[in-house]
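Listed below, chain by chain, are the residues.
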Amino acid sequence: MKKISIILCALLSSVTFCQEQKFITLEEAITIAQEKSPDYKTLLNQNQASYWRFRNYKASFLPQLRLDATLPSYSNSINRLTNDSGEDIFVQTNQSRLEGVVSLNQNIAFTGGTLSFSSQVERVDLFANDATRFAVVPFSINYRQNSLFYNEFKWDKKIEPLIYEEAKRDFIERMEQISLNTSRRYFALLKDQMQTKIARSNLSNQDTLFKIAKGRFKMGKIAENDLLQIELSVLNSINNVTTNEISLKRSSQNLARYLALETENIRLDVPKELTTFTVTVEKALEEANSNRKAVIEFRRKRLEAEREVAEVKGNNRLQVRLNANFGVSQQGAVFNDLFQDYNQQQRVTLSVGIPLLDWGVSKSRRKLVEANKDLVNTNVEQDEQEFEQEIYLHVLNWQNQRNFLKTAKKAQEIATKRYEITKKRFILGKITITDLNIALQEKDNSVLRYLNSLEKFWIDYYTLRRLTLYDFIKNKKIEVKDIVYN
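Bear in mind the structure is a predicted one, so any value in this text is a computation, not a measurement. (Residues numbered from 1 in each chain as written. Predicted model: local features only at pLDDT ≥ 70, side-chain atom pairs only at ≥ 80, totals over all residues. Heavy atoms only, no water.)

K.L.:
Tell me about the packing of helix 8 (residues 361-427) against helix 9 (residues 433-468), and name the residues and values.
P.N.:
The geometry of helix 8 relative to helix 9 is characterised by a closest axis approach of 7 Å and an angle of 160° between their N-to-C directions. The pairing of helix 8 with helix 9 is recorded here as roughly antiparallel in orientation. Read as a crossing pair, helix 8 and helix 9 show a hand that is left-handed. Split by residue class, the contact of helix 8 with helix 9 holds 22 nonpolar, nine polar and 12 charged. (Axes fitted to C-alpha atoms, helices over the stretch in contact; angles between N-to-C directions. Helix = DSSP H or I, 4+ residues; strand = E, 2+ residues; numbered from the N terminus. Parallel < 35°, antiparallel > 145°, perpendicular 65-115°, else oblique. Left-handed = near helix turned anticlockwise from the far one by under 90°. Nonpolar A, V, L, I, M, F, W, Y, C, P; charged D, E, K, R; others polar.)

K.L.:
Run through the pattern of salt bridges, naming residues and quoting values.
P.N.:
A complete count under the given rule lists 28 salt bridges for this structure. A salt bridge links Glu-176 to Arg-465; its shortest N-O distance comes to 2.9 Å. One end of the pair, Glu-176, is in helix 4 (residues 152-218); the other, Arg-465, is in helix 9, and 289 residues separate them in sequence. Summarising the burial analysis for this pair, Glu-176 and Arg-465 share the class buried. Between Glu-245 and Arg-200 there is a salt bridge, with the nearest N and O atoms lying 3.7 Å from each other. Separated by 45 residues along the polypeptide, Glu-245 in helix 5 (residues 224-258) and Arg-200 in helix 4 bring together distant segments of the chain. Among the charged side chains, a network of salt bridges with common partners joins Arg-97, Glu-99 and Glu-122. (Salt bridge = Lys/Arg side-chain N within 4 Å of Asp/Glu carboxyl O. Buried < 20%, exposed > 50% of the residue type's maximum accessible area, 1.4 Å probe, protein only.)

Here's what the structure looks like:
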């Protein structure tokens, strides 16, 4: 027994930490996780990509001012040209060229084309005859449109805002998912702490009972078999303490790393039950349809399928492109003389393309996107049904979870009281060690069942928040501040 006492002291002293314990509640852990956890950092990166995509879309409808320049380029070669008589001749060219264009471009969402205002200047130095030529286009208006029957900008204005709104709602949902992930890690550590505490307490009790049993054995009041059984219980308790401390160390590390804490010596508080509030299926569905990203996602998928159909129909048969230009220009050998007596320049190009024989390619392409649209609509309808069913079943489960928690709490109180009574009767010699071990096992199991029920209660609560993006305690939508990236 002396060896057992030494082992007991060593086990109890091994769990004494020199550093100060950090006390954290469940709410504090969630707050820390939503600011420092790896999941939050990943979420920030994803949200940043969505933010800049939307900024890029918005900027595409603002005027774009750009400069395009050809730096001095030199050419000394023989080139083939066609002269005024229609003959091909070869000429020697030895020249350098410099060109610059300043343009202001504006996408027109209503028509689907691009309107440009530009100015251009060009200089050519002819080294063969030591001459310089200039050309200038002071003012030019150009309009171009790739298709008269498909407006890409119109569809972007419908879909891109939905993608951004979907990303913002996804950010809130993932923040609630961080709450769920934190709760699971929190309760994993809490249960390990409780199991370790129970194991240490059981070891201490078993050691005390073993001392009592040895005295009673010497007095001939119990058989050697009972004494050996108690000693075996002490050894098993030692093993249980060791096993639980290893599990405690692992769960402490998991939570500390997830919360980016500097210490793994964490002490947790058993969360209390929430205030009573009622959630109806109708209210949950109403808030989910108003707040969840899935609702936006359903709409976006339908619009993207419709856009594919519109694009194929607009470009599949008759292809029409428009390019129009109006401006003034001048050229000459003296730069200062270029800004007078301008020559007008106008150009209108209407390109038409019609497939005369494509062996059904156009038809098959159109049928393909129409079939894909029908498939998307079917899948979205199924997703909508599953979306509503998930909320419906979870609300029903939530309504019963509080009752399960009360039952588990009552069972824990009864099992603990029964063990204390059984322990006293064993000390008085009225029951066997087997009865005591059964009562002990029931007590330990009831504590863990209560913690499991409490964990499920809180997990279900945060799942309800994630499914509806609504705080039923404060009666308001769950929102987060918009993050502005520089």
